Amino acid sequence: RYFQTALPLLEASHEYSEDLCLVRFSMAFSMLATGHTDSALYYARKGKSMYTNAMNQRDPGPWLCLITGNIHQIGENYDSAEYYYREGIKVTEKFNAPFAGVLFYGNLAAILDKKNEMDSCIFYAQRSRTLCQKYKYKNFEVSVSGFLAGVYDKTNVDSAYKYIKIMVAANEEVNNESRV
């Protein structure tokens, strides 16, 4: 509701194009979360068009790729989702944004799992887990380790067990930190 009020006000002011763009990205996330994928794509495209304006010196960073990739993933358009996640990985490396990298690698792994490209799926999931461990993103480490355990459960029980142990250890760290 806030964004629906802010959007026309920012548009009418003809100022702060970065703020308007962020509102549009936020609207895209909101629409995506409520299942309105067409509206989510609309707002993501509107936000993207602002960044392509020659007067704008800012780069949307990885978030445009993440929003658009997620929209396509939810719509089961896996090739498009894969494209945006791979583009997002390039942007995260450009901006040195490891948190976004965790998301992109994990999302790309999930897409590759759906496409049954298991070697690549495992490679990107492990890249995500490595970043989680390096930067202590324990909640995400729990998730990606569980994902890897599920992937390996189909082919390699020993590896599945290894990732279950990692997941449990990371989960215990998360729960112990939240109790403090």
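Rules of the game
- Residues numbered from 1 in each chain as written.
- Predicted model: local features only at pLDDT ≥ 70, side-chain atom pairs only at ≥ 80, totals over all residues.
- Heavy atoms only, no water.
- Helix = DSSP H or I, 4+ residues; strand = E, 2+ residues; numbered from the N terminus.
- Expected span 1.5 Å × (residues − 1).
- Buried < 20%, exposed > 50% of the residue type's maximum accessible area, 1.4 Å probe, protein only.
- Axes fitted to C-alpha atoms, helices over the stretch in contact; angles between N-to-C directions.
- Parallel < 35°, antiparallel > 145°, perpendicular 65-115°, else oblique.
- Left-handed = near helix turned anticlockwise from the far one by under 90°.
- Contact = heavy atoms within 4.5 Å.
- Nonpolar A, V, L, I, M, F, W, Y, C, P; charged D, E, K, R; others polar.
- Core = buried A, V, L, I, M, F, W, Y, C linked by side-chain atoms within 4.5 Å.

Asks: Sorry if this is basic, but what is going on with helix α4 (residues 63-74) here?
Replies: Spacing of three or four residues puts side chains on the same side of an α-helix, whose turn is 3.6 residues. Across its 12 residues, α4 extends 16 Å between first and last C-alpha, which sits within 8% of the 16 Å expected from 1.5 Å per residue. Turning to α4, its buried residues number three or more, namely L64, C65, L66, I67, T68, G69, N70, I71 and H72. Two residues or fewer past α4, E76 is found with a positive phi of approximately 60°.

Asks: Honestly, the packing of helix α6 (residues 98-114) against helix α8 (residues 138-153) in this entry has me stumped. Any pointers?
Replies: In a pair of packed helices, the angle between the axes and the distance between the axes together describe the arrangement. Interhelical geometry of α6 versus α8 gives an angle of 20° and a closest axis separation of 11 Å. With respect to α8, the axis of α6 lies roughly parallel. Seen along the crossing, α6 lies across α8 with a hand that is left-handed. On the side of α6, the interface is formed by F99, V102, L103, A109, A110 and D113, while α8 contributes F140, F147 and V151. Classifying every residue of the contact of α6 with α8 by side-chain character gives 8 nonpolar, no polar and 1 charged.

Asks: Any chance you could explain helix α7 (residues 118-135) here in plain terms?
Replies: Its 18 residues give α7 an end-to-end C-alpha distance of 26 Å, which sits within 8% of 26 Å, the value for a rise of 1.5 Å per residue. Positive phi shows up at K136, right after α7, with a value of about 60°.

Asks: Would you mind going over the nonpolar core with me for this structure?
Replies: In globular proteins that are soluble, nonpolar side chains generally tend to be buried together. With 30 residues, the main nonpolar core has Y85, F104 and Y124 as its most contacted residues. Going through the elements one at a time, α4, α5 (78-95), α6, α7, α8 and α9 (157-179) are the ones with two or more residues in this core. Top contributing element to this core by residue count: α6, with 9 residues. Not counting residues up to four positions away in its chain, the partners in contact with Y85 are L66, G69, N70, Q73, F104, N107, L108 and I111. Listed in part, the 17 residues of the second largest apolar core include L7, C21, L32 and L64.

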